[in-house]
Amino acid sequence: QRLKAAVHYTVGCLCQEVEEEKDVQFSKQSIAAISEITFRQCETFARDLEMFARHAKRSTINTEDVKLLARRSSSLLKYITQKSDELASSNMEQKEKKKKKSSAAKGERTPGEKEEAGTENEDSNMS
């Protein structure tokens, strides 16, 4: 019930923005209808995502499921793919930072630092 109220509130806010930009009016009934349709569509999306994951013998919905859901809207699919790629690269950067911090705390060297140290040792041995 709270989720439904949140959807209704958000739809109302979006309708207000459109009213200001486009100089149109939305009746309370039309806002309620848009809210109801939006909520029902979200329920359908949730069921579809659950079925996609279940079909793949998984219990977790992942980005590939969301992309499959959005496949009929090329612009939405492009947007989701772009955001997914951004999140993936951001996660990789954070993991790398954590690895560097933990290895620095332990006094270990990262693979790149090991190579540099090896090159330095070879150079000093040649002298």
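Everything discussed here concerns the structure shown above.
It should be emphasised that the depicted structure is a prediction, and the values quoted were computed from it without experimental measurement.

Trainee: Can you help me understand the nonpolar core in this one?
Mentor: Here is a general trend for soluble globular proteins: nonpolar side chains tend to be buried in one another's company. By size, the foremost hydrophobic cluster in this structure holds 5 residues: Val7, Val11, Cys15, Ile31 and Phe39. The set of elements that each furnish at least two residues to this core consists of helix H1 (2-22) and helix H2 (28-55). Among the elements that make up this core, the one with the highest residue count is H1 (3 residues). Leave out the neighbours within four places in its chain, and cysteine 15 touches Phe26, Ile31 and Ile34.

Trainee: Can you help me understand unusual backbone geometry in this one?
Mentor: Of all residues except glycine, most have a negative phi; of all peptide bonds, most are trans. At aspartate 23, a residue that is not glycine, the phi angle is positive and equals roughly 55°. Of note in this structure, lysine 57 is not a glycine but carries a positive phi near 60°. Position of lysine 57 relative to the elements: it lies in the loop between H2 and helix H3 (63-69).

Trainee: Can you walk me through the side chain of aspartate 65 in this structure?
Mentor: Take aspartate 65: it is sitting in helix H3. Separated by 3.0 Å, the side chain of aspartate 65 and the backbone nitrogen of asparagine 62 make a polar contact.

Trainee: I'm lost on the packing of H1 against H2 in this one. Help?
Mentor: The packing of two helices is summarised by the inter-axis angle and the distance between the axes. Packing of H1 against H2 brings their axes to within 9 Å, and their N-to-C directions diverge by 125°. The angle between the axes of H1 and H2 places the two elements in the oblique class. You can see that H1 and H2 cross each other, and the crossing is right-handed. In this structure, H1 uses Leu3, Lys4, Val7, His8, Val11, Gly12 and Cys15 to contact H2, whose residues at the interface are Ile31, Ala32, Ile34, Ser35, Glu36, Thr38 and Phe39. Its residues assigned to classes, the contact of H1 with H2 shows 8 nonpolar, 4 polar and 2 charged.

Scoring rules and cut-offs
- Residues numbered from 1 in each chain as written.
- Predicted model: local features only at pLDDT ≥ 70, side-chain atom pairs only at ≥ 80, totals over all residues.
- Heavy atoms only, no water.
- Core = buried A, V, L, I, M, F, W, Y, C linked by side-chain atoms within 4.5 Å.
- Buried < 20%, exposed > 50% of the residue type's maximum accessible area, 1.4 Å probe, protein only.
- Helix = DSSP H or I, 4+ residues; strand = E, 2+ residues; numbered from the N terminus.
- Contact = heavy atoms within 4.5 Å.
- Polar contact = N/O pair within 3.5 Å; in protein donor to acceptor, adjacent residues only side chain to side chain.
- Axes fitted to C-alpha atoms, helices over the stretch in contact; angles between N-to-C directions.
- Parallel < 35°, antiparallel > 145°, perpendicular 65-115°, else oblique.
- Left-handed = near helix turned anticlockwise from the far one by under 90°.
- Nonpolar A, V, L, I, M, F, W, Y, C, P; charged D, E, K, R; others polar.

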